[in-house]
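Here are the chains, one letter per residue:
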Amino acid sequence: QSQLISVHRRFPHPLDWVNFFWIGILHLGLLAAPFTFSWQGLGVMLFLYWLTGGIGICLGYHRLLSHRSFVTHRPVRWLIALIGGLAGEGSAVHWTANHRQHHALSDHVGDPHSPREGFWWSHMLWCLQAMSREARVKHHARYAPDMTSDPIFRFLDATYILWHLLLAAALFGIGYAQEGTPLGWSLLVWGMFVRLVVVLHCTWFINSVTHVWGYRNFETADDSKNLWWVALVTFGEGWHNNHHAIPRRANYGRRWWELDVTYATIWLLGKIG
């Protein structure tokens, strides 16, 4: 009952039916996974899980764009933003604005996804709150003005869904060209539906699980915690208390055993220029 009251209080606007159907369709598509399994499909899923979740979200949306933990060339920024968009979590502009708001108000009034408002609210229900076009523009202008001033980021925001459709068509086409319709459906289901659900929930673990369970290296003003298994499935993001203590630090690991795969990738990219 407390969860329902909390959710009702946090929804001053109508339900965002676009996001509702988007998330719902992805989970319905997941039901086809057992009937379309192939080793090629599994391989594509794992590769795209790393590419869109690890490079696109963890390295790109989070450390590069939201916190500016490192710098790179503008074309690389645009490419990583495009890859991050294919993770199914919204455009780079909108994701960055939401995340910066989270850090500004973490686990306090105004935080878009705090478990203090209910675990399931923080995990996924917060995504379903509608935002008017005017409110969205103001939100972006307040928390991501550096990105709204860039025409490429605005273009990626406006064409967000198009890139998913193109990727879906490409996956089916590649599978069909290799082994016909069965492989086409396998690459489509595993490369899109299975992979997107996995990436979404792994990212949502950061908002929910690592603000509830784990240990703390630092006494921050929020409830952020470190949790090893979340770090494992999110390429190092699960060292969340470390991150909240020093948000702009590129390396989230502080103890010798807190492995941060995303930072290792950043370091490697730096070495190769």
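Refer to the structure printed above.
Our subject in this report is the structure included herewith.

**Quick look at the overall build of the protein chain**
Working step 1: Broken down by element type, the protein chain carries 14 helices and zero strands.
Working step 2: Each helix (α) and strand (β) of the protein chain, taken in turn from the N terminus, gives the series α-α-α-α-α-α-α-α-α-α-α-α-α-α.
Working step 3: Relative to the 2.2 N^0.38 estimate, which gives 19 Å for 273 residues, the radius of gyration of the protein chain is 19 Å and therefore close to what a compact globule would have.
Working step 4: For the protein chain, the spread of C-alpha atoms along the three principal axes comes to 55 × 50 × 40 Å.
Working step 5: Expressed as a percentage of the 273 residues in the protein chain, the buried residues total 52%.
Working step 6: A sequence separation of at least 24 residues applies to 70% of the contacts in the protein chain between residues at least 6 apart.

**Side note on the environment of Val-194**
Working step 1: Relative to the helices and strands, Val-194 is located in helix H11 (residues 181-207).
Working step 2: Given a relative accessible area of 6%, Val-194 falls into the buried group.
Working step 3: Between the C-alpha atoms of Val-194 and Leu-26, which are 168 residues apart in sequence, the distance is 7.8 Å.
Working step 4: Not counting the four nearest positions on each side in its chain, Val-194 is found in contact with Leu-30, Ala-33, Met-45 and Val-189.

**Remarks on the nonpolar core**
Working step 1: One finds Leu-65 and Met-147 to be the most contacted residues of the largest nonpolar core, which totals 30 residues.
Working step 2: Those elements giving two or more residues to this core turn out to be helix H3 (39-66), helix H4 (74-85), helix H5 (92-104), helix H9 (151-158) and H11.
Working step 3: In terms of residues, this core owes the most to one element, H3, which gives nine residues.
Working step 4: Residues within four places of Met-147 in sequence aside, it is in contact with Leu-65, Ala-92, Val-93, Thr-96 and Phe-153.
Working step 5: Leu-48, Leu-188, Leu-196 and Trp-204 belong to the second largest nonpolar core, which has 20 residues in total.

**A short note on unusual backbone geometry**
Working step 1: Look at Asp-107: it is not a glycine, yet its phi comes out positive at around 60°.
Working step 2: Tracing the backbone shows Asp-107 in the loop between H5 and helix H6 (119-123).
Working step 3: Given a relative accessible area of 2%, Asp-107 falls into the buried group.

**Thoughts on helix H2 (residues 17-30)**
Working step 1: With 14 residues, H2 ought to run about 20 Å at 1.5 Å a step, and its terminal C-alpha atoms sit 20 Å apart, in line with that.
Working step 2: Three or more residues of H2 are buried, namely Ile-23, Leu-26 and Gly-29. Around the axis of H2, the buried residues are gathered within 130° of arc, so they sit on the same side. Residues of H2 that are exposed and point more than 90 degrees away from the buried face comprise Trp-17 and Leu-28.
Working step 3: Contacts from the buried residues of H2 go to H11.
Working step 4: The distance from a side-chain oxygen at the start of H2 to the backbone nitrogen of Val-18 is 3.1 Å, and the residue carrying that oxygen is Asp-16.

**Overview of the pattern of salt bridges**
Working step 1: Tallying each qualifying case throughout the model produces nine salt bridges.
Working step 2: A salt bridge links Arg-63 to Glu-237; the nearest nitrogen and oxygen atoms lie 2.6 Å apart. Taken as a pair, Arg-63 in helix H3 and Glu-237 in the loop between helix H12 (228-233) and helix H13 (240-245) lie far apart in primary sequence, 174 residues in all.
Working step 3: Note that Glu-219 is salt-bridged to Arg-216, the shortest N-O span being 3.8 Å.

**A look at the packing of aromatic side chains**
By convention here, two paired aromatic rings are described through the distance between centres and the angle between planes.
Working step 1: Tallied over the full model, the rule gives 16 aromatic pairs.
Working step 2: With centroids separated by 5.2 Å and ring planes inclined at 75°, the aromatic side chains of Phe-37 and Trp-39 adopt a geometry described as edge-to-face.
Working step 3: For Phe-37, a relative accessible area of 40% gives the class partly exposed.
Working step 4: When the ring of Phe-172 is compared with that of Tyr-176, the centres are 6.2 Å apart and the planes differ by 15°; the resulting orientation is stacked. Taken together, the positions of Phe-172 and Tyr-176, both in helix H10 (residues 160-179) and four residues apart, correspond to about one turn of that helix.
Working step 5: For Phe-172, a relative accessible area of 26% corresponds to the partly exposed category.
Working step 6: Judged by its relative accessible area of 49%, Tyr-176 is partly exposed.
Working step 7: An aromatic cluster of at least three residues, connected via ring pairs, comprises Trp-17, Phe-20 and Phe-21.
Working step 8: Above the plane of the ring of Tyr-252 lies Arg-63, whose end atom (NZ or CZ) is 3.6 Å from the centre.

Rules behind the numbers
Here the residue index of a chain counts from 1 through its sequence in written order. Given that the model is predicted, a residue must reach a pLDDT of at least 70 before its local features are reported, and side-chain atom pairs must reach 80 or more before they are shown or counted; all residues, however, enter totals for whole chains, interfaces and linings. The side-chain figures draw on all heavy atoms in the structure; neither hydrogens nor water molecules are used. Working definition: helices are DSSP H or I runs of at least four residues, strands are E runs of at least two. Numbering for both runs from the N terminus. The globule rule is 2.2 Å times the number of residues to the power 0.38, and the radius of gyration it is compared with is taken over C-alpha atoms. Residue burial is assigned from relative accessible area. The probe radius is 1.4 Å, only protein chains are included, and a residue is buried under 20% of its type maximum, exposed over 50%, and partly exposed in between. What makes two residues a contact is simply this: any of their non-hydrogen atoms within 4.5 Å. In this text, buried Ala, Val, Leu, Ile, Met, Phe, Trp, Tyr and Cys residues form a nonpolar core when linked through side-chain atoms within 4.5 Å. In this analysis, the expected span of each helix is defined as 1.5 Å times one less than the number of residues it contains. Arc definition: directions from the helix axis to the C-beta atoms. Any pair of N or O atoms that falls within 3.5 Å is considered a polar contact. Within protein, one atom must be able to donate a hydrogen and the other to accept it, and sequence-neighbouring residues count only if both atoms are side-chain atoms. By definition here, a salt bridge exists when the distance from a side-chain nitrogen of Lys or Arg to a carboxyl oxygen of Asp or Glu is within 4 Å. In this scheme Phe, Tyr and Trp rings, the latter by its six-membered ring, pair at centre separations within 6.5 Å, and the angle between planes marks the pair as stacked below 30 degrees, edge-to-face above 60, and tilted otherwise. Sitting over a ring, as applied to charges here, requires NZ of Lys or CZ of Arg to be within 6 Å of the ring centre and within 35 degrees of the ring normal.

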